[in-house]
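Here are the chains, one letter per residue:
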Amino acid sequence: MAFPMSSAALKLKLKKDPTPMIDYGAWVASQELPESVDGVRQFYPVSVAVESDNGETDTVAVVRGFVPVNGLSARQVFLAAMVYASDHFDRETAKEGFESVDYDSNSFRALLKTTQGTNSNETTYTRSLTVSARDGGFDFEISEIDCRYREKGLIPRTQRLEKLHPDNNARHAEIVLEMANVNSAYLASLAEYAASRADIRSPNFDKLKKGGDVCTGMTEDEVTILLGPPVNKRRSGERYRWIYANDYVIIFTDGIVTKIVE
């Protein structure tokens, strides 16, 4: 005797099989993608297998590589990268910032958010950047890449990079290439800044490691790492005032913190 199929079973039966995720390494290899755009080396995503919390294996998309910064030690590359990142965070609207810092291994992880285009072509890329400095440059990995975009209609949607299908969706292909360009431009600017900072030092490195507050004796670089750029800078003779708020002002003399007004 045949029993009628329940509505729940019917829905389960009619549900489409999920579309397999793209192998980004194979897709990139199959395309004639430029090695550089406007003189900036391009880094493209690859697909990697990771173990999830429940013990299963998932496939995620990441961007990995090495960027040279010739002539600098690992510590100098690390400090310069920290200064650059902190100086460029949008802490108010995008809520960017350091997620973790390992001073002993000269590495950090930062949350970045970039919006490109306008109206129907507006896309926002949110991702985590891990920088691991070594003598002469830094390794990087960009992961957890969320793409917020409009594809059909006016309501934006957010998709992880590994969920996109640039192999059969032209809009997705545009997003992947734009994302690669956004990340590559950021990395190039970071490396260019680091290369210009052969002078960078941190005499208060141990205090930075402890994650404490700004204190007298710190350099402008160390303050930037901790607080980012000030709202305003004012000069008075040999002194500079970095104003973060009406009730928080840091005074530098010859580039060293000599007074903190709270």
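Model, not experiment: these values are computed from the prediction.

**Q** What is the right way to look at the overall build of the protein in this model?
**A** A tally of regular secondary structure across the protein gives six helices and 13 strands. Here the C-alpha atoms of the protein give a radius of gyration of 23 Å, more than 25% beyond the 18 Å that 2.2 N^0.38 yields for 262 residues. Based on the C-alpha atoms only, the size of the protein along its principal axes is roughly 95 × 40 × 40 Å. Classification of the 262 residues of the protein by burial places 40% in the buried group. Look at the contacts in the protein between residues 6 or more apart in sequence, and 47% of them connect residues 24 or more apart. Accessible surface, the protein as shown: approximately 15200 Å² in total, 48% of it carbon and sulfur.

**Q** Quick question: what am I supposed to make of a positive patch on the surface here?
**A** Together, R234, R239, R241 and K259 give the surface a local cluster of positive charge. As for its placement among the helices and strands, R234 is situated in strand β10 (residues 232-236).

**Q** In this structure, what is going on with the packing of aromatic side chains? I would like to understand it.
**A** Any pair of aromatic rings gets described here by the distance separating the centres and the angle formed by the planes. With the rule as written, the count across this model stands at 12 aromatic pairs. A ring pair is formed by Y84 and Y186, whose centres lie 5.5 Å apart and whose planes are at 70°; its orientation type is edge-to-face. With Y84 in helix α3 (residues 74-88) and Y186 in helix α4 (residues 170-195), the pair connects residues that are 102 residues apart, well separated along the chain. Take Y186: its relative accessible area is 16%, and that puts it in the buried class. Ring centres 4.9 Å apart and planes at 80° place the aromatic pair F89 and F98 in the edge-to-face group. Counting every residue linked through ring pairs, the aromatic cluster contains F78, F89, F98, Y103, F108 and F205. Stacked on the ring of F205, the Lys or Arg R75 has its end atom at 3.8 Å from the ring centre.

**Q** Would you explain the packing of α3 against helix α6 (residues 220-227) in this entry?
**A** Helix-helix packing: each pair is described by the crossing angle between the helix axes and the interaxial distance. One can describe the packing of α3 onto α6 by two numbers: an axis separation of 8 Å at closest approach and a directional angle of 55°. Relative to α6, the element α3 lies oblique. Classified by chirality, the crossing of α6 by α3 is left-handed. Counting all contacts with α3, which are made through L79, M82, V83, S86 and D87, the residues of α6 involved are D221, T224, I225 and L227.

**Q** Would you mind going over the sheet that holds strand β11 (residues 239-245) with me for this structure?
**A** The strands making up a sheet are joined through hydrogen bonds of the backbone, oriented either antiparallel or parallel. Taken in spatial order, the four strands line up as β10-β11-β12-β13 in an open sheet, and their pairing is antiparallel. Since the sheet does not close on itself, it has two edges, and those belong to β10 and β13 (256-261), each with one partner. Neighbouring strand axes in the sheet, compared pairwise and without regard to direction, differ in orientation by 25° on average.

**Q** Would you mind going over unusual backbone geometry with me for this structure?
**A** Comment: phi is negative for the bulk of residues other than glycine, and the bulk of peptide bonds are trans. Positive phi is not limited to glycine here, since D38 has a value of about 55°. Turning to its location among the elements, D38 is positioned in the loop between β1 (36-37) and β2 (40-41). You can call D38 exposed: its relative accessible area is 79%. The backbone phi angle of E144 is positive, close to 50°, even though this residue is not glycine.

**Q** Whenever I open this one, the pairing of strand β4 (residues 57-68) confuses me. Can you help?
**A** Along any regular strand the residues' side chains alternate between the sheet's two faces. Pairing between strand β3 (residues 46-51) and β4: six bridges, direction antiparallel. For V50, the partnering residue across the bridge sits in β4 and is D58. Count of turn residues in the β3/β4 antiparallel hairpin: five residues, of which G55 carries a positive phi of about 90°. As defined by bridge partners, β4 adjoins strand β8 (residues 137-149) across six bridges and the pair is classed as antiparallel. Along β8, the bridge assignment pairs R64 with E141.

**Q** I keep staring at α3 and nothing clicks. Help me out?
**A** Since the α-helix advances by 3.6 residues per turn, residues separated by three or four positions end up pointing in the same direction. Between its first and last C-alpha atoms α3 spans 21 Å; for 15 residues at 1.5 Å apiece the expected length is 21 Å, and the two agree. Counting buried positions over the 15 residues of α3 gives 12, a clear majority of the element. When we look at burial in α3, the residues that qualify are A74, Q76, V77, F78, L79, A80, A81, M82, V83, Y84, A85 and S86.

**Q** Where do I start with the environment of R160 in this structure?
**A** Relative to the assigned elements, R160 resides in strand β9 (residues 157-160). When the C-alpha positions of R160 and T126 are compared, they lie 9.5 Å apart, and in sequence the two are 34 residues distant. In this structure R160 touches E144, I145 and D146, once residues within four positions along its chain are discounted.

Rules used in this analysis
- Residues numbered from 1 in each chain as written.
- Predicted model: local features only at pLDDT ≥ 70, side-chain atom pairs only at ≥ 80, totals over all residues.
- Heavy atoms only, no water.
- Helix = DSSP H or I, 4+ residues; strand = E, 2+ residues; numbered from the N terminus.
- Rg over C-alpha atoms; globule rule 2.2 N^0.38 Å.
- Buried < 20%, exposed > 50% of the residue type's maximum accessible area, 1.4 Å probe, protein only.
- Contact = heavy atoms within 4.5 Å.
- Areas by Shrake-Rupley, 256 points an atom, 1.4 Å probe, with all protein chains shown as cover.
- Patch = residues over 30% accessible without salt bridge, like charges linked within 9 Å, V, L, I, M, F, W, Y side chains within 5 Å.
- Salt bridge = Lys/Arg side-chain N within 4 Å of Asp/Glu carboxyl O.
- Lys, Arg positive; Asp, Glu negative; His and termini not counted.
- Charge placed at Lys NZ, Arg CZ, Asp CG, Glu CD.
- Phe/Tyr/Trp six-rings, centres within 6.5 Å; stacked < 30°, edge-to-face > 60°.
- Lys NZ or Arg CZ within 6 Å of the ring centre and 35° of its normal.
- Axes fitted to C-alpha atoms, helices over the stretch in contact; angles between N-to-C directions.
- Parallel < 35°, antiparallel > 145°, perpendicular 65-115°, else oblique.
- Left-handed = near helix turned anticlockwise from the far one by under 90°.
- Pairing = 2+ DSSP bridges.
- Expected span 1.5 Å × (residues − 1).

That's the geometry; what it means functionally is another story.
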